[in-house]
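# Analysis of the macromolecular model
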Amino acid sequence: MKQTFKTALAIVLAMNCLGSWAQWGAPADPNPTVKLKDAYKNYFMIGVALNQRNVSNDDQVNLVKAEFNSITAENDMKPGELHPKEGVWNWEKADKIANFCRQNGIKLRGHCLCWHSQFADWMFTDKKGKPVKKEVFYQRLREHIHAVVNRYKDVVYCWDVVNEAMADNVRPNFANGKFTPGSPYRDSRHYQLCGDEFIAKAFEFAREADPNALLFYNDYNECDPGKRDRIFDMVKKMKDAGVPIDGIGMQGHYNVYGPTEEDIDAAITKYKTIVKHIHVTELDIRMNTEMGGQLRFSRGENKPVAGYMNTLLTDQYNRIFKIFRKHKDVIDCVTFWNLGDRDSWLGVNNHPLPFDENYKPKQAYYAIKNFDAKLDNAQPKEDFVSNPCNQPGQEWPKVNSQGYARFRVEAPDAKSVIVSLGLGGRGGTVLRKDKDGVWTGTTEGPMDPGFHYYHLTIDGGVFNDPGTHNYFGSCRWESGIEIPAPDQDFYAERTDIPHGNMQKILFYSKSLGKMQEATVYLPNGYGKLVKGKNGKMEQQRYPVLYLQHGWGENETSWPVQGKAGLIMDNLIADGKIKPFIIVMAYGLTNDFKFGTIGKFTAEEFEKVLIDELIPYVDANFLTKTDKWNRAMAGLSMGGMTTKLITLRRPEVFGYWGLLSGGQYAPEEIKDPKCVKYIFEGCGSKENPAGINKSVADLKAAGFNAEGLISEGTAHEFLTWRRCLYLMAQKLFK
Ligand code: XIL
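Keep in mind it's a predicted model, so treat the numbers as computed, not measured. Position labels on residues start from 1 in each chain and follow its written sequence. Reporting of local features is limited, given that this is a predicted model, to residues whose pLDDT is at least 70; pairs of side-chain atoms are given and counted only at 80 or more, and all residues count toward the totals for whole chains, interfaces and linings. As a rule here, side-chain values come from all non-hydrogen atoms in the structure, and water together with hydrogens is ignored.

### Focus on the overall build of the protein
The helix and strand labels rest on DSSP assignments: H or I over at least four residues marks a helix, E over at least two residues marks a strand, and numbering proceeds from the N terminus. From N to C terminus, the protein includes 18 helices and 32 strands. Any residue under 20% of the maximum accessible area for its type is buried, any over 50% is exposed, and the rest in between are partly exposed; the area is computed with a 1.4 Å probe on protein chains only. Taking all 733 residues of the protein together, 56% fall into the buried category. A contact between two residues is defined here by any heavy atoms of the two lying within 4.5 Å. Intrachain contacts of the protein at a sequence separation of at least 6 include 72% that bridge at least 24 residues. A total accessible area of about 30,700 Å² is found for the protein, and carbon and sulfur atoms account for 51% of it. Positive charges are assigned to Lys and Arg, negative charges to Asp and Glu, while His and the chain termini are left out of the count. Positions of charges follow a simple convention, taking NZ of Lys, CZ of Arg, CG of Asp or CD of Glu. Distance between charge centres in the protein, computed from 93 positive and 90 negative side chains, equals 2 Å. Note on areas: Shrake-Rupley, 1.4 Å probe, and residue coverage restricted to the protein chains presented here.

Printed below as a string of structure tokens:
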């Protein structure tokens, strides 16, 4: 029992520490039985490039079978591997991959028949090493293509016929005092010998060999506007001349910074005007600024991936898959280039894949797989207004009527800006530079209503958003944002009612040997003379609620982001409660670091509270000092504190409340008469079943217990505002 409580609390605290549970959460998989290929069954096939190890190791084989429904041989079907010399064929490895596909009913993408690299270079020269005529070359290429295509035509459904024939950059030539446009083609041996005719020939040979296979032209940097247009122009020219090109293969060797969604979208949109089939053939996303299929690249450093880099990776995968889904009419297969980071041709230290070096799914995997189709076409309403948490004169951030948040941050030289707030499991919202060079971004969907802490991560460093006020949470002053809630009137700042006030008090704690701070809410009218029992005018005395914050927070959290004072003012003004005092003290919770929370006993705070703070408050404020006029409640780790102290010192408090901070079991409470009212609450996105059961058990055991499940909220302040609102109405009765 104790252990479960500790574990539950550790989770609760972990959520709290991260600022905002709604946006974080471990990448636990809500749909573990649905794999990549299943998630995309109405969109396109999900493929993977395999090496020999992948098809020889049971665990990897199982992973491939579970997740993918298309396979590409990473190297084993390339001309240079299959056919290194005239008359010499190495079929073994290619056969092994093809047989794997045959046995498991998985489709095979053929890669590739004609490429400048890993090519059968012998085709260019005769036995004496002299260059051959292009007719000889064509004959050799034709025989090669026929042999390979025929051998695998039962299982290969498409071929990358020509790979990477276009130039990366085109520079004008300067000769005889004149500029002439540079060639759009790669200056390969193929091109030198044949011009662009070799492209047409290769496609013709492939079509002869298998009229049923789809034939692709495949290239990288295919979204770069210049290269995109070169690819487009070439394919169009060929198709106009009757060359049998069925599709364009977009290699998709991208990075976390680009290409932009706009460039990917524009490339697909353009390509689909000339081909009916687009395959993303070699997808991976590097963690540096390089991209493309060039065979020279940096291999990264052997060090753990920084958390924010992983967020950028997840975000880029999320963005590009959204565009791919949008173009499902033309995209029929998306293939990852390699199974896990360990296999990546870029080296394990570029971390470019959804599966890590141990073949464990990364956050990116969940983002790709568990996409929300409803959000794909969702456009936020353009009724964004500046947020109430903003500093005076600051326009940004803004929130719209649906709960989307939009951010704008000036950081001209930054490489990445991430807002820690966003939909669950993604690590936040990644901003992109807009056309004015300013970082902007909108949450992918509506946020939970209520208050959220957040911060910015700029190139890995953590900063606050200069647009907003600061709120103490996560053991630091964080930025904050308020998403309008349907019931927000109960904590509204009303102009038509009198308000109480918040006092900051400083008291000396002998047990700690230092000063301690607390905030005291005094209801409106506090200190005024009223007619007493015997008709004499006297100062009214009030019951007191000791109300604790959570881990990472302090004595300012309830008064500021908790809106405790406004909630009280409104309840009092509406006649729903009789006025009482609230004391919000720092609960020493932040002195406990993660890993030691299991040892948290609240004994130090118990001394401060009962031996020092309560006597101070009773001596300096107009309080009623018996236990039936004293309550204790707390949120999250403050709930844990409350539970420990109320159970140990039932003679001090007559009303107890746990807000997302655990539950009481009837058998833990020694004397059923020692408590008049127990409140337990949490958000509907937390552990409502636990609260409901606990409240039912307490009631069955004869306790006056009440629960609240806050609709649509998680481990955040709207949950606790609602809890306070209800609980306050039941105290001291
Ligand atoms: C890569 C392989 O992954 C590496 O193992 C090999 O050393 C070089 O080729 N574009 C392509 C792929 O079309 O065939 C390349 O594959 C990566 C770039």
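### A look at a nonpolar patch on the surface
A cluster of nonpolar side chains, contributed by Leu506, Tyr508 and Met515, occupies part of the molecular surface with about 320 Å² of accessible area. As for its placement among the helices and strands, methionine 515 is situated in strand 24 (residues 514-522). We classify methionine 515 as partly exposed; its relative accessible area is 44%. Surface patches are drawn from residues lacking salt bridges whose relative accessible area is over 30%; two like charges belong together within 9 Å, two nonpolar side chains (Val, Leu, Ile, Met, Phe, Trp, Tyr) within 5 Å. Take a side-chain nitrogen of Lys or Arg and a carboxyl oxygen of Asp or Glu: if they are within 4 Å of each other, that pair is a salt bridge.

### Considering the site of the ligand
Around the ligand, a shell composed of 15 residues is seen, among which Glu74, Lys78, His111, Asn163 and Glu282 lie nearest. Within 3.5 Å is the distance limit for a polar contact, defined as a pair of N or O atoms, with the added protein rule that one can donate a hydrogen and the other accept it, and that residues adjacent in sequence qualify only through two side-chain atoms. Contacts to the ligand include asparagine 75, whose side-chain N or O atom sits 2.9 Å from an oxygen atom. A distance of 3.0 Å separates a nitrogen atom of the ligand from a polar side-chain atom of glutamate 164. Contact with the protein chains removes 84% of the 420 Å² of surface that the ligand exposes when unbound. Taken together, the residues of the shell around the ligand break down into four nonpolar, seven polar and four charged. By convention in these notes, a residue is near a molecule or strand provided one of its non-hydrogen atoms lies within 4 Å of it. In this count, Pro and Cys sit with the nonpolar residues alongside Ala, Val, Leu, Ile, Met, Phe, Trp and Tyr, while Asp, Glu, Lys and Arg are called charged and the others, Gly among them, polar.

### Some points on the layout of surface pockets
Each cavity reported here is a set of points on a 1 Å grid over the protein atoms alone in which a 1.4 Å probe fits but cannot get out, each pocket an open set with protein on both sides within 12 Å along at least five of seven lines, and each lining residue one with an atom within 4 Å of a point. Grid points are joined across faces, edges and corners, and a volume is the space filled by probe spheres set on the points. In this structure, the largest pocket occupies an estimated 1,100 Å³ of space. Mapped by element, the contributors of at least two residues to the lining of the largest pocket are helix 10 (261-271), helix 11 (307-326), helix 13 (373-376), strand 16 (429-433) and strand 17 (439-442). In terms of residue count, the dominant contributor to the lining of the largest pocket is helix 11 (seven residues). Split by residue class, the lining of the largest pocket holds nine nonpolar, eleven polar and 16 charged.

### Description of helix 5 (residues 92-104)
In a helix, the anticipated span is given by 1.5 Å times the number of residues less one. Counted at 1.5 Å a residue, the expected span for helix 5 with its 13 residues is 18 Å, and the 18 Å between its end C-alpha atoms agrees. For helix 5, the set of buried residues is Ala94, Asp95, Ile97, Ala98, Phe100 and Cys101. Of the surrounding elements, those touching the buried residues of helix 5 are strand 1 (45-50), helix 3 (58-67), strand 2 (70-73), helix 4 (79-82), strand 3 (107-115) and helix 6 (134-152). Looking one or two residues beyond helix 5, the residue adopting positive phi is glycine 105, at roughly 60°.

### Let's talk about the pattern of salt bridges
In the structure shown here, the tally under the stated rule is 44 salt bridges. Residues aspartate 246 and arginine 207 are paired through a salt bridge, measuring 2.6 Å at the closest nitrogen-oxygen approach. With aspartate 246 in the loop between helix 9 (225-240) and strand 8 (247-250) and arginine 207 in helix 8 (residues 197-209), this pair connects stretches of sequence that are 39 residues apart. On the basis of relative accessibility, which here comes to 18%, the residue aspartate 246 falls in the buried class. With a closest N to O distance of 2.7 Å, arginine 722 and aspartate 487 form a salt bridge. With arginine 722 in helix 18 (residues 717-728) and aspartate 487 in the loop between strand 22 (476-483) and strand 23 (501-509), this residue pair connects regions lying 235 residues apart in the sequence. Classification of aspartate 487 as partly exposed rests on a relative accessible area of 28%. Here the salt bridges share partners, and the residues they tie into one network are Glu261, Asp315, Arg319 and Arg432.

### Section: the environment of tryptophan 122
Among the secondary structure elements, tryptophan 122 is positioned in the loop between strand 3 and helix 6. As a C-alpha pair, tryptophan 122 and lysine 85 span 37 residues in sequence and 6.2 Å in three-dimensional space. Excluding anything up to four places from it in sequence, tryptophan 122 contacts His83, Pro84, Lys85, Glu86 and Arg140.

### Overview of the packing of aromatic side chains
Side-chain rings of Phe, Tyr and Trp, where Trp is taken by its six-membered ring, are said to pair if the distance between their centres is within 6.5 Å; with planes under 30 degrees apart they count as stacked, over 60 as edge-to-face, and otherwise as tilted. Across all of its chains, the model carries 39 aromatic pairs by this definition. Here the aromatic rings of phenylalanine 490 and tyrosine 491 are separated by 4.9 Å at their centres, their planes lie at 90°, and the arrangement is edge-to-face. The ring centre of phenylalanine 232 lies 4.7 Å from the NZ or CZ of lysine 270, which sits over that ring. A ring is scored as having a charge over it whenever the NZ atom of a lysine or the CZ atom of an arginine sits within 6 Å of its centre and within 35 degrees of its normal. Above the ring of tryptophan 628, the side-chain terminus of lysine 627 is found at 4.5 Å from the ring centroid.

### Considerations on empty space enclosed by the protein
Scanning the entire structure with this criterion turns up two cavities of 30 Å³ or more. Its volume calculated, the largest cavity comes out at about 50 Å³. Those elements that provide at least two residues to the lining of the largest cavity are strand 3 and strand 4 (156-163). The residue makeup of the lining of the largest cavity, split by class, is five nonpolar, four polar and two charged.

### A word on the pairing of strand 4
When you tally the buried positions in strand 4, you get eight out of eight residues, the bulk of the element. Across six bridges, strand 3 lies against strand 4 in parallel orientation. Residue pairing across strands places leucine 108 opposite valine 156, the latter belonging to strand 4. Every crossover in which the path from the first strand over the helix to the second runs clockwise, viewed with the strands pointing away from the viewer, is termed right-handed. One crossover worth recording links strand 3 to the parallel strand 4 by way of helix 6, and it is right-handed. By the convention used here, strands pair only if DSSP detects at least 2 bridges between them. Pairing of strand 4 with strand 7 (residues 214-219), which is carried by five bridges, proceeds in the parallel orientation. Residue cysteine 158 lies in a different strand from strand 7, and its bridge partner there is leucine 214.

### With respect to the sheet that holds strand 30 (residues 655-659)
Two strands in a sheet stick together by hydrogen bonds in their backbones, pointing the same way (parallel) or opposite ways (antiparallel). The strand order across the open sheet built from eight strands is 23-24-28-27-29-30-31-32, with neighbouring strands paired in mixed fashion. A single partner strand is all that each edge strand has here, and the edge strands are strand 23 and strand 32 (705-710). Each neighbouring strand pair of the sheet contributes to a mean axis angle of 20°, computed without reference to strand direction. Relative to strand 31 (residues 677-683), strand 30 runs parallel, the two being bridged by five bridges. For glycine 657, the partnering residue across the bridge sits in strand 31 and is phenylalanine 679. Note on definitions: angles span 0 to 180 degrees between N-to-C directions of axes, and those axes are lines fitted to C-alpha atoms, for helices only across the stretch in contact. The strands that helix 14 (residues 564-573) touches are strand 23, strand 24 and strand 28 (581-585); relative to strand 24, the one it contacts most, it runs at about 30°.

### What about the side chain of threonine 519?
One can find threonine 519 in strand 24. Threonine 519 sits in the buried class, given a relative accessible area of 10%. Looking at threonine 519, its side chain comes within polar contact range of the main-chain oxygen of glutamate 555, at 2.8 Å. Setting aside residues up to four positions removed in sequence, threonine 519 forms contacts with Met502, Gln503, Glu555, Pro559, Ile582, Val583 and Met584.

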